[in-house]
Amino acid sequence: MVLADFDKYLKKYARLIAEMGVNAQLNHLVFLNVQIDQARLAHLIVEELYSLGVAEVIVDYKDDVVDLARYLHADEKRLTTVPDSYTQRLKEFVDLKVSRISINSSDPAIFKSADSERIVKRLAAFNAASFDYATAIQSNKMSWTVAAAASYSWAAKVFPDLPTKEEQLDALWEQIFKTTRIYEDDPVKAWQEHNEKLCKQAQKLNTAQFYALHYTAPGTDLTIGLPKNHYWEGAGATNAQGEFFIANMPTEEVFTAPDRNRVDGLISSTKPLSYAGIIVSGMKFTFKDGKVVDFSAEQGQDVLEKLMATDDGARYLGEVALVPDPSPISQSGITFFNTLFDENASNHLALGQAYATSLVGGERMSQEELKASGLNRSEIHVDFMVGSEQMDIDGIKKDGTHVPVFRGGDWAE
Ligand code: ZN
Ligand code: ZN
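So, here's what we can say about the structure. (Residues numbered from 1 in each chain as written. Chains lettered and ligands numbered in written order. Predicted model: local features only at pLDDT ≥ 70, side-chain atom pairs only at ≥ 80, totals over all residues. Heavy atoms only, no water.)

1. Observations concerning the coordination of the zinc ion (ligand 2)
- The protein atoms that coordinate the zinc ion (ligand 2) are Glu319 (OE), His381 (NE2), Asp383 (OD) and Asp383 (OD), at distances spanning 2.1 to 2.6 Å.
- Of note is the zinc ion (ligand 2), whose four donor atoms meet at the metal with angles of 54 to 145° in an arrangement that counts as irregular.
- Between consecutive donors of the zinc ion (ligand 2), the numbers of intervening residues give the motif E-x61-H-x1-D.
- We classify Glu319 as buried; its relative accessible area is 2%. (Donors = N, O, S within 2.8 Å, 3.2 Å for Na, K, Ca; no water. Tetrahedral: all angles 85-135°; square planar, octahedral: opposite > 155°, others 65-115°. Buried < 20%, exposed > 50% of the residue type's maximum accessible area, 1.4 Å probe, protein only.)

Shown next, in the form of structure tokens:
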């Protein structure tokens, strides 16, 4: 590590995640999910959490190497066996309103040598078992945040042209610090100002209450219906206890849910995505009445196929997010092969589950009520990037009038 003042910035980063990310407070319980090679960052986060007065930090160290070995060699039946203790633990996390910090640092192609069918099968079993937990998180019953950390293998994928592993790692850390405003004197204050800006755009869209959005770009001509009382959100969210938190760091998006049954036309992806350690790129989707009726991918077609076979909702959209092309992540020109970064460089959509908070009062609705209101339900939520500087988006009002929302990849006003 040759990055100047690395220790100082890593500590500031840990503080930001604890204080702003999950907004840790006196007597909170916090669950930290992190790869084993990020122990140094984990130690700093734990320290900051206790200094903010939390009652206990529970740390799960993950290990991609062990997971890869499991995908390659484990007995077929064991692969999809979900221990009762796993489900029980997540239930306790919901009951005790345990905040969650996830640190993302995986090699985006870590599982490329494994059989994608085995990966998708295991994920499906664990996603099904953790559905109630995921639903609690997605409806903000407790605070949660996803942030990143640089690993050698991920950095090598993003900066293959840099000569040494150390330089690759430094370059990625530098991008992480830049995009999470760590180089600012007061990152927390910088985040508050950033959040205000995003909230303003969200408010405009909430007031407009468009009936639909119409996307045009090379390879794209898509109309996305928006449900009645849909709600656009910016960076910050509020949990069921009324506490503010930031779900993604970095974040540049404002997002809501589409009407699952009113999506029609063609859309092309503009960036690759890493799903379950496998890269999927060059995707095209054709929608009719909300459902994907045709699709293809230049790379990772088989993963996409299996993913969309997960359940009924996997072929419908659950998120529509707007990110201006001049956003700092987009302007860096870097493809991170990591959704946390790439989705914040680009307008994106997600297949699968919609956030209950995307509808006014949605947090208090049952699964059936949400679906009846047009919010898609599924065990998956997979974002894919569709934005570019060539994208125009019109808002369509109920009376058919068109209003420019995006022009040339940026806010029309
Ligand atoms: Zn999003
Ligand atoms: Zn998403």
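2. Focus: unusual backbone geometry
- For the bond running from Met249 to Pro250, omega is 5°, close enough to zero to count as cis.
- A positive phi angle, near 45°, is found at Gln209, a position not held by glycine.
- Assignment of secondary structure puts Gln209 in the loop between helix 10 (187-208) and strand 5 (212-217).
- Its relative accessible area of 33% is what places Gln209 among the partly exposed residues. (Helix = DSSP H or I, 4+ residues; strand = E, 2+ residues; numbered from the N terminus.)

3. What about the sheet that holds strand 17 (residues 381-385)?
- Spatially, the four strands line up as an open sheet ordered 9-15-16-17, and their pairing is antiparallel. Every interior strand has two partners, whereas the edge strands, strand 9 (254-256) and strand 17, have only one. Taken pair by pair, the neighbouring strands of this sheet meet at an average axis angle of 20°, ignoring direction.
- As paired elements, strand 9 and strand 15 (residues 317-322) share three bridges and run antiparallel to each other. Each residue of the ladder has a partner; that of Val254, found in strand 15, is Leu322. (Pairing = 2+ DSSP bridges. Axes fitted to C-alpha atoms, helices over the stretch in contact; angles between N-to-C directions.)

4. Details of the packing of aromatic side chains
- A full pass over the atoms with the stated rule returns 20 aromatic pairs.
- Each ring, one from Tyr13 and one from Phe177, has its centre 5.8 Å from the other, and the planes form 75°; the classification is edge-to-face. Separated by 164 residues along the polypeptide, Tyr13 in helix 1 (residues 6-21) and Phe177 in helix 9 (residues 165-179) bring together distant segments of the chain. Each member of the pair, Tyr13 together with Phe177, is buried.
- Note on Phe93 and Tyr133: the rings are 6.4 Å apart at their centroids and 55° apart in plane angle, and the pair reads as tilted. Within this pair, whereas Phe93 is found in helix 5 (residues 84-95), its partner Tyr133 is found in helix 7 (residues 131-138), the two being separated by 40 residues in sequence.
- We classify Tyr133 as buried; its relative accessible area is 7%.
- For the cation-ring pair, Arg181 lies above Trp191, with the distance from its terminal atom to the ring centre recorded as 5.5 Å.
- Note that Arg260 overlies the ring of Tyr316, its terminal NZ or CZ placed 4.0 Å from the centroid. (Phe/Tyr/Trp six-rings, centres within 6.5 Å; stacked < 30°, edge-to-face > 60°. Lys NZ or Arg CZ within 6 Å of the ring centre and 35° of its normal.)

5. Quick look at the sheet that holds strand 10 (residues 263-268)
- One open sheet accounts for eight strands, arranged 14-13-10-6-5-18-19-20; its pairing is antiparallel. Taken across any chain shown, the strands that pair with only one partner, and hence form the sheet edges, are strand 14 (291-296) and strand 20 (410-411).
- Of the strand pairs in this sheet, strand 13 (residues 284-288) and strand 14 are connected by five bridges, and their pairing is antiparallel. Residue pairing for strand 14: Phe285 is matched across the bridge by Phe295.

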